[in-house]
Amino acid sequence: MSFLRRYSLEGCVASILFIILFGVLLIQIFGRTPLFTGPVWTEEAARWIWVWMAFIGIAEVERQNGQLRMGFIADALPRAWRRLLFTLIDAVYLAIVAHLVWISYKTVLRTWNNEAVTLPMSDAVLYASGLVASVLILHRIARRLAMLVRGGDAGEVHQ
């Protein structure tokens with residue numbers, strides 16, 4: 001478990017997906033040369049892996065609380081006001097991501113019977129990436145919000 005304390009589940013999964021994506025892209029590249037004929041599924045697989053990697057990567061950024069911010073206003077506020085501001089922002093963010101979870105869930109259900117063009121699976125697998133990432137992000141926002149409500153600082157919440 002100490003491995004996952006240093007390297008999060010989200011970061012590990014995104015890294016593994018990157019390695020798999022690299023392998024699929026190599027097959028695709030060499031399949032366009034006279035060496036061998038590449039399989040047709042590599043283009044669609046690369047796209048799907050990229051989407052999963054990107055969404056899980058977004059969840060990792062959320063885990064690290066590493067979003068882009070314009071902190072000059074918040075930094076000018078006293079600590080109590082800054083905590084209130086971050087709490088309000090995270091509460092709105094939590095509501096938006098909860099809605100994204102619902103939208104992603106409905107999209108997975110709607111695409112369940114759609115078959116992928118070259119891969120032997122449902123399109124719902126692709127759209128599940130948004131659902132999984134949204135749930136992971138929702139979890140991280142809720143943890144950060146709980147920390148803020150208990151009196152911590154938003155910058156302290158990284159795990």
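Parameters at a glance
- Residues numbered from 1 in each chain as written.
- Predicted model: local features only at pLDDT ≥ 70, side-chain atom pairs only at ≥ 80, totals over all residues.
- Heavy atoms only, no water.
- Axes fitted to C-alpha atoms, helices over the stretch in contact; angles between N-to-C directions.
- Helix = DSSP H or I, 4+ residues; strand = E, 2+ residues; numbered from the N terminus.
- Parallel < 35°, antiparallel > 145°, perpendicular 65-115°, else oblique.
- Left-handed = near helix turned anticlockwise from the far one by under 90°.
- Nonpolar A, V, L, I, M, F, W, Y, C, P; charged D, E, K, R; others polar.
- Expected span 1.5 Å × (residues − 1).
- Buried < 20%, exposed > 50% of the residue type's maximum accessible area, 1.4 Å probe, protein only.
- Salt bridge = Lys/Arg side-chain N within 4 Å of Asp/Glu carboxyl O.

Describing the packing of helix α2 (residues 9-30) against helix α3 (residues 41-63)
Contact pair α2 / α3: the axes reach a minimum separation of 8 Å and the direction vectors enclose 160°. By the angle between their axes, α2 is roughly antiparallel relative to α3. The two elements α2 and α3 meet at a crossing, and its hand is left-handed. Its residues placed into classes, the contact of α2 with α3 shows 18 nonpolar, four polar and four charged.

Topic: α2
Compared with an ideal rise of 1.5 Å per residue, which puts 22 residues at 32 Å, α2 spans 32 Å between its outermost C-alpha atoms and is within 8% of the ideal. For α2, the set of buried residues is E10, G11, C12, A14, L17, L21, V24 and Q28.

Examining the pattern of salt bridges
Applying the stated criterion to the full structure yields five salt bridges. Linking E43 and R47 is a salt bridge whose minimum nitrogen-to-oxygen distance equals 3.9 Å. Pair noted here: E43 and R47 are both in helix α3, with a separation of four residues, about one helical turn. Residue class for R47 comes out partly exposed when judged on its relative accessible area of 46%. A salt bridge links E62 to R144, with the nearest nitrogen and oxygen atoms 2.5 Å apart. Linking E62 in helix α3 with R144 in helix α6 (residues 124-149), this pair joins segments that are 82 residues apart in sequence. One connected set of salt bridges, linked through shared partners, spans E62, D90 and R144.

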